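So you can see what is in the structure, the chains are spelled out below.
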Amino acid sequence: MIQPLTDIKPSGMIETQTIEVSIGPQHPSTHGVFRMDAVLDGETVVALKPVMGYLHRNHEQLAEKMSWLASIPYTDRLDYFNSMTNNWALCLSVEKLAGIKVPERAEYTRVIVSELTRILNHSCVIGFMLQDLGAWGTPLLYAFREREKILDLFESLSGARMMCNYMRFGGVRVDLTEAMIDQAKAIVAKFPRFLDDFEQLLTNNEVLLARCQKVGILPKELAINASISGPMARASGVDYDIRKVDKYGIYGRLDFRVPLGEVGDVYDRYYVRVLEMRESLKILNQVLRDIPAGPFIAPEVKLRNFKIPVGDGYGRVEGPKGELGFYLVSDEGGKMPYRYHCRPPSFINLTTLEDMCLGHKVADVVIILGSVDIVLGEVDR
Amino acid sequence: MDTVEQIREAILNAVPGATVEIIPSTPAAQQPALLVDREHLLAAAKYLKEEARYQFDYCSCVTGVDYLKVGQVEVVYHLYSVALRHGPVVLKVRAPRELDKCHVPSLTPVWRGCEFQEREAFDLYGIKFDSHPDLRRILMWDEFVDHPMRKDYVAPLDYEWEPTPHDETLDRAVVAQGIIPPSAREELEKAKKK
């Protein structure tokens, strides 16, 4: 006699079992070597644990074995989309510990390259997120086309497209020329049109609305309690932008707004990024107009034999993915960091991945992860 | 925001029996830290989060530090307030660095954001966080034995074949890399005196 595979309950419901599925580490939707251990009941997620570390290379220990300056190129490799803001975070922390004053022109240059980085990161993230949704190629390649123009500028400025290694303690490595400023102005002038096109394709798109709204909701209280930062926190309505709070660099003098979401779902995370790009363009217009002449690096800072007095300190910037900070400890001698700790935003933003995914279908897990915006170089370090 | 001295007084008033010490940062950074004893850390953290004057609702950064010379490990918490937009206040806690005594209270019940970062400190420094909901390795793989960010960690000769150096493997790595382990160092010094 053939045994039935499932028992039929008196109510008519089929008794089912949960199944554990390992999504990743080799899966195109995990944006790198990231794994999610998901327990599924049918298509619904019952439990989900992120598993990371496949790209772990002990970045922190590498930095503790070399001079302060030598770890700048390594920060490029943390979040390889945003090498400029990574450089800035380390330089800001070191400047804070050593009490270095950065010249005006360098501050402006830093804002220019960082805001360009934010634009290229956000446009690519939206492209990748829609790729996860099934919009194969089109939004991503539109985003990459625009990113190319910014990367060309970075290449002529620093010699490298992605691993820029551009900032130094007390300023930047090379000066912006007039031609580069004009190039940046041209990018900024044309970018709103691309954004309009992008939004026309996406913002009111029926499929995008259906897949993104009310999916992966992150409540405001949980977002604060779980140390979520960056656009993801702001999509949940947390009014916290380090550019506004700390006013590091010259951000205190610039006029821009902080867009906030209301619901905290995937759609809000998408739309907050679009609005942030528009605010970045506003910042860029101001700094490109006002950039003063002068030295681009503090002349008193020595490149060789650079030392920091005994003590510790923490410096942070608003990176495109969230709060990127460095906690540094200097001991006697002071030539090398005794402790060098990186606070990676995309690693900590994964804390609430399970909370956001519970009760949703497997297909939604992919876009929820896409909307968190992770880069595995930074998650695993 | 109150100065560190005022916050120290407030913690001492709110948490009876606690010892709180002020540790200076670099002269330029101006981020002096509060070193709280292990027994009262959780109460002090809860107080800082709930007190209306402070409302440190956002624990930004958790760091483990290994002070080999002092024989202690330290966990550093950087707290900010999203509601009142001030900070940072730096909380520090210390524990002996021997693996069996190396434990501090977990602050994950107060701030969820500590969850992964405390797991990282456990993984890389071997600091055990009492009452952490899910204390597992996070960056190294589960079978890994040592804690690679400790200052006396000896890297293996070949990660492919000997991922965690211990016993004979450790001896070989120590010899090949010309490193003298602390135990052998004492014996060498004794031999020199003789």
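Residues numbered from 1 in each chain as written. Chains lettered and ligands numbered in written order. Predicted model: local features only at pLDDT ≥ 70, side-chain atom pairs only at ≥ 80, totals over all residues. Heavy atoms only, no water.

**Some thoughts on the nonpolar core**
Link 1 in the chain: Core analysis: the largest hydrophobic core is formed by 171 residues, its most contacted members being Leu350 and Leu353 of chain A together with Leu48 and Tyr77 of chain B.
Link 2 in the chain: If one sorts the elements of this core by residue count, helix α4 (residues 104–133) of chain A sits on top with 12 residues. (Core = buried A, V, L, I, M, F, W, Y, C linked by side-chain atoms within 4.5 Å. Buried < 20%, exposed > 50% of the residue type's maximum accessible area, 1.4 Å probe, protein only. Helix = DSSP H or I, 4+ residues; strand = E, 2+ residues; numbered from the N terminus.)

**Notes on the side chain of Thr351 of chain A**
Link 1 in the chain: For Thr351 of chain A, the position within the fold is in the loop between α12 (345–349) and α13 (353–357).
Link 2 in the chain: Excluding anything up to four places from it in sequence, Thr351 of chain A contacts Ala226 of chain A together with Arg112, Glu115 and Phe116 of chain B. (Contact = heavy atoms within 4.5 Å.)

**Looking at the packing of aromatic side chains**
Link 1 in the chain: This model, assessed by the stated rule, comprises 20 aromatic pairs over all chains.
Link 2 in the chain: Look at Tyr240 of chain A and Tyr58 of chain B: their rings are 5.6 Å apart centre to centre, the planes differ by 50°, and that puts the pair in the tilted class. On the criterion of chain membership, the pair formed by Tyr240 of chain A in the loop between α9 (231–235) and α10 (242–245) and Tyr58 of chain B in strand β3 (residues 58–67) is interchain, its members lying in two chains.
Link 3 in the chain: By relative accessible area, which is 1% here, Tyr58 of chain B ends up buried.
Link 4 in the chain: Taken together, a centroid distance of 6.3 Å and an interplanar angle of 75° make the contact between Tyr47 of chain B and Tyr54 of chain B edge-to-face.
Link 5 in the chain: Given the relative accessible area of 15%, Tyr47 of chain B is considered buried.
Link 6 in the chain: A network of ring pairs unites the aromatic residues Tyr80, Phe81, Phe128 and Phe144 of chain A as a single cluster. (Phe/Tyr/Trp six-rings, centres within 6.5 Å; stacked < 30°, edge-to-face > 60°.)

**Focus: the interface of chain A and chain B**
Link 1 in the chain: With 49 residues of chain A at the interface, the matching set in chain B holds 48 residues.
Link 2 in the chain: For the pair chain A and chain B, the two sides together bury roughly 3900 Å², of which 53% comes from carbon and sulfur.
Link 3 in the chain: Among the residues of chain A in contact with chain B, Asn225, Tyr314 and Tyr338 of chain A are the three that bury the most area, contributing 15% of the side total.
Link 4 in the chain: Taken together, chain A and chain B are joined by 6 salt bridges.
Link 5 in the chain: In this structure, Lys92 of chain B and Asp312 of chain A form a salt bridge, with 2.8 Å as the shortest nitrogen-oxygen distance.
Link 6 in the chain: One can count 24 residue pairs in polar contact (both at pLDDT 80 or more) joining chain A with chain B. (Buried area = accessible area lost by both parts, 1.4 Å probe. Salt bridge = Lys/Arg side-chain N within 4 Å of Asp/Glu carboxyl O. Polar contact = N/O pair within 3.5 Å; in protein donor to acceptor, adjacent residues only side chain to side chain.)

**Looking at the packing of α4 of chain A against helix α14 (residues 362–372) of chain A**
All names here are of chain A.
Link 1 in the chain: Their axes nearest at 9 Å, the elements α4 and α14 cross at an angle of 175°. In terms of their interaxial angle, α4 and α14 are classed as roughly antiparallel. Facing α4, whose interface residues are Val125, Met129, Asp132 and Leu133, α14 presents Val366, Ile367, Gly370 and Ser371. (Axes fitted to C-alpha atoms, helices over the stretch in contact; angles between N-to-C directions. Parallel < 35°, antiparallel > 145°, perpendicular 65-115°, else oblique.)

**Some details on empty space enclosed by the protein**
All names here are of chain A.
Link 1 in the chain: On inspection of all chains with the given rule, the structure shows 5 cavities of 30 Å³ or more.
Link 2 in the chain: Of the volumes computed, that of the largest cavity is approximately 50 Å³.
Link 3 in the chain: The wall of the largest cavity is formed by 13 residues, among which Phe81, Ser83, Leu151, Arg161 and Met162 lie closest to the centre.
Link 4 in the chain: When residues of the lining of the largest cavity are traced back to their parent elements, those giving at least two are α3 (83–98), α4 and α5 (138–158).
Link 5 in the chain: Among the elements that line the lining of the largest cavity, the one with the most residues is α5, at 3 residues.
Link 6 in the chain: Its residues assigned to classes, the lining of the largest cavity shows 8 nonpolar, 3 polar and 2 charged. (1 Å grid on protein atoms, 1.4 Å probe; cavity = no way out; pocket = protein on both sides within 12 Å on 5 of 7 lines; lining within 4 Å. Points joined across faces, edges and corners; volume = space filled by probe spheres on them. Nonpolar A, V, L, I, M, F, W, Y, C, P; charged D, E, K, R; others polar.)

**A word on the pattern of salt bridges**
Residue and element names in this part refer to chain A.
Link 1 in the chain: Under the definition given, this model contains 48 salt bridges over all chains.
Link 2 in the chain: Residues Glu104 and Arg253 are paired through a salt bridge, measuring 2.8 Å at the closest nitrogen-oxygen approach. Separated by 149 residues along the polypeptide, Glu104 in helix α4 and Arg253 in the loop between α10 and α11 (266–290) bring together distant segments of the chain.
Link 3 in the chain: Among the ionic contacts, a cluster of salt bridges with common partners joins Glu115, Arg118, Arg234, Asp241, Arg243, Glu276 and Glu318.

**Observations regarding the sheet that holds β3 of chain B**
Residues and elements named next belong to chain B.
Link 1 in the chain: Taking strand neighbours across the sheet as the criterion, the 5 strands line up as β1-β2-β5-β4-β3 in an open arrangement whose pairing is mixed. Taken across any chain shown, the strands that pair with only one partner, and hence form the sheet edges, are β1 (20–23) and β3. Neighbour to neighbour, the strand axes of the sheet diverge by 25° on average, direction disregarded.
Link 2 in the chain: Across 9 bridges, strand β4 (residues 72–81) lies against strand β5 (residues 86–96) in antiparallel orientation. Across the sheet, the residue bridging to Val75 is Val93, located in β5.
Link 3 in the chain: Contacting β1, β2 (33–36) and β5, helix α1 (residues 4–14) runs over the sheet at an angle of about 165° to β1.
Link 4 in the chain: Its contacts with the sheet put helix α3 (residues 114–125) on β3 and β4, and the angle it makes with β3 is roughly 10°. (Pairing = 2+ DSSP bridges.)

**Observations concerning the state of the cysteines**
Link 1 in the chain: The full count for this structure, using the stated rule, is 0 disulfides over all chains.
Link 2 in the chain: Free of any disulfide, Cys357 of chain A has its nearest neighbouring cysteine sulfur in Cys212 of chain A, separated by 13 Å.
Link 3 in the chain: Not part of a disulfide, Cys61 of chain B finds its nearest cysteine sulfur in Cys59 of chain B, a span of 7.9 Å. (Disulfide = S-S within 2.5 Å.)

**A look at the environment of Leu40 of chain A**
Residues and elements named next belong to chain A.
Link 1 in the chain: With respect to the secondary-structure elements, Leu40 resides in strand β4 (residues 35–41).
Link 2 in the chain: Leu40 gets classed as buried once you look at its relative accessible area, which sits at 6%.
Link 3 in the chain: The spatial distance from the C-alpha of Leu40 to the C-alpha of Val111 is 45 Å, given a sequence separation of 71 residues.
Link 4 in the chain: Discounting chain neighbours no more than four positions away, the residues touching Leu40 are Gln17, Thr18, Ile19, Val21, Val45, Val46 and Val362.

**Let's talk about the sheet that holds strand β8 (residues 311–319) of chain A**
Residue and element names in this part refer to chain A.
Link 1 in the chain: Overall, antiparallel pairing links the 3 strands, which are arranged β8-β9-β10 in an open sheet. The open sheet terminates on both sides in strands that have one partner only, identified here as β8 and β10 (337–343). For this sheet, the mean angle separating the axes of adjacent strands, direction not counted, is 15°.
Link 2 in the chain: Judged from the 6 bridges that link them, strand β9 (residues 322–330) and β10 form a sheet pairing that is antiparallel. Looking at the pairing, Gly325 lines up with Arg343 of β10.

**Details of the confidence of the model for chain B**
Link 1 in the chain: Mean pLDDT over chain B: 83, with 84% of residues reaching 70 or higher.
Link 2 in the chain: Prediction confidence for the complex, expressed as pTM and ipTM, is 0.87 and 0.86 respectively. (pLDDT = per-residue confidence, 0-100.)

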